[in-house]
Amino acid sequence: MQKTIVVLGMHRSATSLVACGLHHEISMGEELVPASGSNPRGHFEDVRFVRLNDRILSAAGGSWHCPPPEEAIRNVAAQFSDEVQSTLAAASRGQSIWGFKDPRTTLTIGVYLPFLRNPHFVCCFREPEEVARSLNRRNGFSLAKGRRLAAIYNRRLLTFSAEFTGTGGVTFTE
């Protein structure tokens, strides 16, 4: 049975580090986002997923740094189902175990979940203040904006994890 590994977590939360480790053993994509000054070893993000996630978030009225409400993402999910299925099929073709990572997927995972085969999730968390400082250095975001983004991503990741595992609700304060 095919196994799919999905790395989830806020930007600047060690998702690239985790994906790098996985990439030594499994395919994390054919065309990966290249290394940059903020990630000199690479991002280990398949360009197809980054572009698809950007389109989903845009259609829902947001972006990675201005997350749309979950309901807005659910409302556009159907219009992306064929593209999600074809992207997953192309990325996993011929692989018994494979994976992908794009922090945006933390927001869009509900669009992918119905089409994932035997999914396993690696959830990455980092202290929100550290995320905020890193986003300030990389993107020039205010610390308040960085903390707010970390809270949104972490809340959605915890909620998804609780729903997926059936462990019940999560109390999260911002």
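Asks: So what exactly am I meant to see when it comes to the pairing of strand β2 (residues 97-101) here?
Replies: Two faces, one strand: in a regular strand the side chains alternate between the faces of the sheet. Counting buried residues along β2, 4 of its 5 residues qualify, which places the element largely inside the surrounding structure. As judged from the 5 bridges shared by strand β1 (residues 3-9) and β2, these two strands associate in the parallel manner. Within β2, the position partnered with V7 by the bridge is K101.

Asks: Which parts of the structure should I look at to understand the packing of helix α4 (residues 105-112) against helix α6 (residues 143-165)?
Replies: Helix packing for two helices is described by the angle between their axes and how far apart those axes are. Their axes nearest at 9 Å, the elements α4 and α6 cross at an angle of 35°. Along its contact with α4, which presents T106, L107 and I109, the element α6 presents I152, Y153, R156, L157 and F160. Along the lines of polarity and charge, the residues of the contact of α4 with α6 split into 6 nonpolar, 1 polar and 1 charged.

Asks: Before we go on, may I ask you to explain the packing of aromatic side chains in this structure?
Replies: The geometry of an aromatic ring pair comes down to the distance between the two centres and the angle between the two planes. Inspection of the entire model under this criterion finds 9 aromatic pairs. Their ring planes at 45° and their centres at 5.6 Å tell us that F100 and Y112 sit as a pair that is tilted. Here F100, found in strand β2, pairs with Y112, found in helix α4; they are 12 residues apart in sequence, far enough to count as distant. Of the residues examined, F100 reaches a relative accessible area of 1% and is grouped as buried. Of the residues examined, Y112 reaches a relative accessible area of 0% and is grouped as buried. Arranged with centres 4.9 Å apart and planes meeting at 85°, the rings of F121 and F164 form a pair that is edge-to-face. Here F164 lies in helix α6 and F121 lies in strand β3 (residues 119-124), a separation of 43 residues in the sequence.

Conventions used here
Residues numbered from 1 in each chain as written. Predicted model: local features only at pLDDT ≥ 70, side-chain atom pairs only at ≥ 80, totals over all residues. Heavy atoms only, no water. Buried < 20%, exposed > 50% of the residue type's maximum accessible area, 1.4 Å probe, protein only. Helix = DSSP H or I, 4+ residues; strand = E, 2+ residues; numbered from the N terminus. Pairing = 2+ DSSP bridges. Axes fitted to C-alpha atoms, helices over the stretch in contact; angles between N-to-C directions. Contact = heavy atoms within 4.5 Å. Nonpolar A, V, L, I, M, F, W, Y, C, P; charged D, E, K, R; others polar. Phe/Tyr/Trp six-rings, centres within 6.5 Å; stacked < 30°, edge-to-face > 60°.

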